[in-house]
Amino acid sequence: MRASGQFRTDTVRETLRITRLWSTASEAILDQAAERAEIRRYDDGELLIRQGDRCEATHVVIEGRVEVRVLAEDGEETTLCSLGERESIGEMSLLTGEPASANVVAVGKVATLAIRDEDFTEVVSSDPELLRQVLRLLSTRLSQSDVTVGVAEGKQANLARL
C-alpha cells in the first residue's frame, strides 16, 4: 500500500534514517528511498521471504519482530536470529542476485517498509557510502550466521551421539 504526499515521505525518510542500513545515507538518497518505499503487513507465521526464492524487495521492520530461519536438507529448521524494529532484511539476496539463504517469518503482526529490487539497486548504486554501509552490515550478519550455524551443528552432533 503506497501512500502519497510530503508528510508520508518525511515520515518514511525519518524512519529510514534511524536504521543501521540507511543511517549514513544523504538526504537526497533518503528521499529517493522514501518515495519508492511501500508499507507491507504480515500476520503471525507468514513468510516475508522464502528460502530458495529470489528476493523481490528489501524490508525495514517498522512494527513487530521477524525470525530468520534456515531449513536444513533433513527438514530441521534452525532459527538464526530474531530481528525487530529498525532492522533490515533481504538486501543480501538483492545485491548478489542469489536466492534467499533463509526464511524470514513474521512473529505476531509485522509491518515493513519494502523497497523493490530495482529501486533498491538504483538507490544504493548511486551512493558509495551507502554501499559501504550495506557491505558492513552484510559482513556482520555473515559472521553472526557462521557462529549460529556452528552452534546448531554442534548441538546436532551431540544429539546424534545420544
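A brief report on the enclosed structure follows. (Residues numbered from 1 in each chain as written. Predicted model: local features only at pLDDT ≥ 70, side-chain atom pairs only at ≥ 80, totals over all residues. Heavy atoms only, no water.)

## Some thoughts on the pattern of salt bridges
All told, the structure shown has 19 salt bridges when counted by the stated rule. In this structure, D117 and R54 form a salt bridge, with 2.2 Å as the shortest nitrogen-oxygen distance. With D117 in helix α4 (residues 117-125) and R54 in the loop between β2 (47-49) and β3 (57-71), the pair connects residues that are 63 residues apart, well separated along the chain. Among the charged side chains, a network of salt bridges with common partners joins D10, R13, E14, R17, E27 and D31. (Salt bridge = Lys/Arg side-chain N within 4 Å of Asp/Glu carboxyl O. Helix = DSSP H or I, 4+ residues; strand = E, 2+ residues; numbered from the N terminus.)

## Quick word on the nonpolar core
The nonpolar side chains of a soluble globular protein tend to be buried with one another. Judged by nonpolar contacts, the single largest core of 36 residues is most densely connected at L16, W22, L48, V66, V104, F120 and L130. Of all the secondary structure elements, the ones that give two or more residues to this core are α1 (6-17), α2 (27-36), β2, β3, β4 (77-83), β6 (103-116), α4 and α5 (128-161). In terms of residue count, the dominant contributor to this core is β6 (5 residues). Residues within four places of W22 in sequence aside, it is in contact with L16, I29, L30, A33, V60, I115, F120, V123 and L130. (Core = buried A, V, L, I, M, F, W, Y, C linked by side-chain atoms within 4.5 Å. Buried < 20%, exposed > 50% of the residue type's maximum accessible area, 1.4 Å probe, protein only. Contact = heavy atoms within 4.5 Å.)

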